[in-house]
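What follows is the residue order along each chain.
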Amino acid sequence: MCGIAGIVSSKLDSSSKIGSNRLRQMAEQLLHRGPDESGILTRPNIGLAHRRLSIIDLTSGQQPMISADKSICLVFNGEIFNFIELREALVKKGHRFTTTSDTEVVLHMYQEYGLDFVQQLNGQFAIGLWDDKEQRFILVRDRVGICPLYYTVEKDQLIFASEIKALKPALSNGLELNKQALDQIFTFWAPVSPNTIFENVYEVSPGQMLVLEKGQLKKHQYWDWQFNQKGYWQTSEQQQADELHELLIEATKIRLRADVPVGAYLSGGLDSSVLVAMIRHYGGVPLRTFSLNFGEAEFDEKSYQSSLIAHLKAEHSHLLVKTEDIAQNFIQTIIHTETPILRTAPVPMGMLSSLVRANDFKVVLTGEGADEVLGGYDIFKEAKVRQFWAINPDSKFRPLLLKKLYPYLTLPDSGQGTYLKRFFGEALDTPNDIAFSHLPRWSTTAKAKKFYSSELSAELNENAKEAIYASFPKELNQMHPFNRSQYIESKSLMAGYLLTSQGDRMLAKNSVEGRFPFLDHRVIEFANRVPPKYKMKGLNEKSLLKKAMARYLPKEIVHRHKQPYRAPDMKAMSGDYLVDELRHYLTEQELTKVNLFDANKVKFLLKKADSGKALSIPESQALVGILSTQIIVDKFINN
Amino acid sequence: MTAVATNQESLLRNFILENYLFTDDQSKLNNADSFLDTGILDSMGILELIYFLDEELSIKVESNEMIPANLDSIDNLLAFIAKKQA
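Only a predicted model underlies this, so the values are computations on that prediction, with no experimental measurement involved.

Reading the values: the criteria
- Residues numbered from 1 in each chain as written.
- Chains lettered and ligands numbered in written order.
- Predicted model: local features only at pLDDT ≥ 70, side-chain atom pairs only at ≥ 80, totals over all residues.
- Axes fitted to C-alpha atoms, helices over the stretch in contact; angles between N-to-C directions.
- Helix = DSSP H or I, 4+ residues; strand = E, 2+ residues; numbered from the N terminus.
- Left-handed = near helix turned anticlockwise from the far one by under 90°.
- Contact = placed C-beta atoms within 7 Å.
- Nonpolar A, V, L, I, M, F, W, Y, C, P; charged D, E, K, R; others polar.
- Domains from an automatic or database assignment.
- Pairing = 2+ DSSP bridges.
- Buried ≥ 20, exposed ≤ 12 C-beta atoms within 10 Å, placed from the backbone.
- Parallel < 35°, antiparallel > 145°, perpendicular 65-115°, else oblique.
- Core = buried A, V, L, I, M, F, W, Y, C linked by C-beta atoms within 7 Å.

Participant: Explain the packing of helix 12 (residues 378–390) of chain A against helix 18 (residues 481–498) of chain A to me, please; I cannot follow it from the model alone.
Facilitator: How two helices pack is summed up by the angle between their axes together with the distance between the axes. Residues and elements named next belong to chain A. In the contact formed by helix 12 and helix 18, the axes pass within 10 Å of each other and the chain directions differ by 145 degrees. As helix 12 packs across helix 18, the resulting crossing turns out to be right-handed. For the pair formed by helix 12 and helix 18, the contact residues are Ile379, Phe380, Ala383 and Gln387 on the first element and Pro481, Phe482, Ser485 and Glu489 on the second. Across the contact of helix 12 with helix 18, the residue classes break down as 5 nonpolar, 2 polar and 1 charged.

Participant: Explanation requested: the domain arrangement of chain A in the structure shown.
Facilitator: Reports often express the size of an interface as the amount of accessible area lost when the parts come together. Residue and element names in this part refer to chain A. Looking at the assigned domains, one finds that chain A contains domain 1 (3–221), domain 2 (229–374 + 490–558), domain 3 (378–450 + 465–489) and domain 4 (571–638). Taking only C-alpha atoms, the centre of domain 1 and the centre of domain 4 are 36 Å apart. Opposite the 7 residues of domain 1 that make contact, domain 4 presents 6 residues.

Participant: Sorry, what's going on with the sheet that holds strand 15 (residues 315–321) of chain A here?
Facilitator: What links the strands of a sheet is backbone hydrogen bonding, and the strands pair in either a parallel or an antiparallel sense. All names here are of chain A. The 5 strands lie next to each other as 15-14-13-16-17, forming an open sheet whose pairing is parallel. Among the strands making up the open sheet, the edge pair consists of strand 15 and strand 17 (513–515). Taken over all neighbouring pairs, the strand axes of this sheet differ in orientation by 30 degrees on average, direction set aside. Two elements, strand 16 (residues 363–365) and strand 17, share 3 bridges in a ladder whose sense is parallel.

Participant: Before we go on, may I ask you to explain the interface of chain A and chain B in this structure?
Facilitator: Taken together, the 15 residues of chain A in the interface contact 15 residues of chain B. Those elements that place two or more of their residues in the side of chain A that touches chain B are helix 14 (418–424) and helix 26 (599–610) of chain A. Sorting elements by how many residues they give to the side of chain A that touches chain B places helix 26 of chain A first, with 5 residues. For the side of chain A that touches chain B, the residue count by class is 6 nonpolar, 5 polar and 4 charged.

Participant: Where do I start with unusual backbone geometry in this structure?
Facilitator: Generally, phi is negative for residues other than glycine and the peptide bonds are trans, each holding for most cases. All names here are of chain A. Look at the link from Gln63 to Pro64: it is a cis peptide, with omega at -5 degrees. Backbone torsion omega between Ser193 and Pro194 reads 10 degrees, so that peptide bond is classified as cis. Structurally, the position occupied by Pro194 is in the loop between helix 4 (179–188) and strand 10 (202–203). Of note, the phi angle at Lys155 is positive, near 50 degrees, even though the residue is not glycine. Position of Lys155 relative to the elements: it lies in the loop between strand 8 (150–154) and strand 9 (157–161). A count of 9 C-beta atoms within 10 Å places Lys155 in the exposed class.

Participant: Explain the packing of helix 2 (residues 83–92) of chain A against helix 3 (residues 102–113) of chain A here, please?
Facilitator: All names here are of chain A. Interhelical geometry of helix 2 versus helix 3 gives an angle of 45 degrees and a closest axis separation of 10 Å. Of the possible angle classes, the one that applies to helix 2 and helix 3 is oblique. As helix 2 packs across helix 3, the resulting crossing turns out to be left-handed. Residues Phe83, Leu86, Arg87 and Leu90 of helix 2 touch helix 3, and the partners they reach there are Asp102, Val105, His108, Met109 and Glu112.

Participant: Would you explain the nonpolar core in this entry?
Facilitator: One broad trend across soluble globular proteins is that nonpolar side chains are buried collectively. Residues Ala5, Leu74 and Leu623 of chain A are the most contacted members of the largest nonpolar core, which totals 188 residues. The element that contributes the greatest number of residues to this core is helix 27 (residues 617–638) of chain A, accounting for 9 residues. Residues within four places of Leu74 of chain A in sequence aside, it is in contact with Pro64, Met65, Val106, Leu107, Ile127, Gly128 and Leu129 of chain A. Formed by 22 residues, the second largest nonpolar core is a distinct cluster that contains Trp389 and Tyr419 of chain A together with Ile16 and Phe35 of chain B.

Participant: I tried to follow the sheet that holds strand 10 of chain A on my own but got confused; where do I start?
Facilitator: Residue and element names in this part refer to chain A. Reading across the sheet, the 6 strands line up as 2-3-1-9-8-10 and stay open at both edges, with antiparallel pairing between neighbours. Every other strand in the sheet has two partners, leaving strand 2 (37–43) and strand 10 as the edge strands with one partner each. Here strand 1 (residues 3–9) runs beside strand 9; their pairing, made up of 5 bridges, is antiparallel. For Gly6, the partnering residue across the bridge sits in strand 9 and is Phe160.

The structure is reproduced here in structure tokens:
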């Protein structure tokens, strides 16, 4: 990971001057993303800034990089994993290189292919590029949203940066809260792209290119998750498993390309275990793994981690997260997420990257993305059961399949099945709703809105669900219901929360880069053509992945019950664990001052949490969401 | 709330108000309000309510009694408790 920032006069006339002081201030905000080097470039109508985390070509490859004829300059955050192959092809076409960096490959790719250059990049990237001949500036982000990229337009200037905090020095009036985006977070866990929690600050959406030309800023979606039932593979299940096997090996191998050592996160789940096994068998590098452990058994996966470490003989480090660590690291975490969060799970991830860095590693591979790409989440299973149930909503037998998902489900219902239907049978009457799979999660999350202040409720004039529906492509309606679930999950929770608040931000805060083999676009494009019946056989998640990779893993890993990654929420945010520094944000005085949440209701919520009574999921999410929102207002808006 | 609330009624109302409506404003809950229709209780809330009946009022709810007719409003709860205590 690196950090990039810049200012471009949107009129692109040569009279505009971009001050290097402002650029320097912007870059300073990104020091954690790139502590190794920095660079600034100013031209009459453009200024670019870069903070570097050196991973490939440690001696050259400084940025901003300028082409030999001086007509193109760029800043680039990320990695192009196929840069070796692209470079060879470019050399054959007559291009001459002065460095061995992937940054220079990006520059030459643009020279050779123009705006289409991005189609051939296999990697994770956020790029700002100025083309002097065409008088054109582009901002482009990787396909799935691994590298962050934000922008705003103010006084005819396009201002962009890897993190929102780096935009701030260039703004005349500071940041303001986007209340509609807050409402979206309190529904989907993340704002609907391109919104952010701040007014007039947007992200470049995953798979998108912004082109500023002739005073016009145009968006172009160069890639998206595509699912077409007519395009499903017709080959056998075994053939598809074999192809997935080969693709994952290749996706992993090119992600080990670096001039520094590369490690891996190991949770003990199937995905990270597969990944670590591939490194062991095909990586050709020492196997070095890092894990989180929790003092509380319900969150801990140590036994599975130990089993795999013994099986693959990895050199391993782990970090024991104590409940008190969550609250103590919470404010710093929110300063890095730059957005409210509803669960505390990012906090330990930020601690894990500090363990990586302390061991002199700055790159890790992670298994993120496998659940979205290959069908692993409970939400997909639950949707299948609810679809099955919706065929006969009055059936007493169909919903019993829920027991397979929730073995602890003891809901009574000797009566008419009313409770079961009300709590688990949401939208049974609208099984064709394009977001059928996600409606229960969204309505559960939205229950936290009962803590809004009356003023906030009155100000919200846009329905969050309507906003996300409006963001869906029309093709979504044609997709298989299972693929629809995958699409929505990938575009909302994965891109908006897992890869950002829980991913990039928690890695970058300690100057660590994450790499994601399951999110190689070739793996995604292949998997999107796998028939859903091979992804989830009955209610057996990631069936094809297991078929492809079981040979490398101990049986207890392959057949284990899936355990979603979680961290202590309610317990960490109540009683003695809720340190005064945090409790201060929940006082009547602070809540009334910010006036987003009802101080009286929050008082009772905190009282319930402090009493040791279990909070429901929406209540726990409300507590974390309110606290993190208050911190965002304090650190980004009031300060 | 009735003009003079019984102890049981007060206990139940305050339990619901404080733990699920997060307020002490008595006007926010009518005894006839359906917990399901108003979304006051979710699946865990129902189980907590059953636990509360057991712990605070020594009312054991059998599995065949876990139905909205017994548990879905303050009125229903009071009638159910009266029946159990009869």
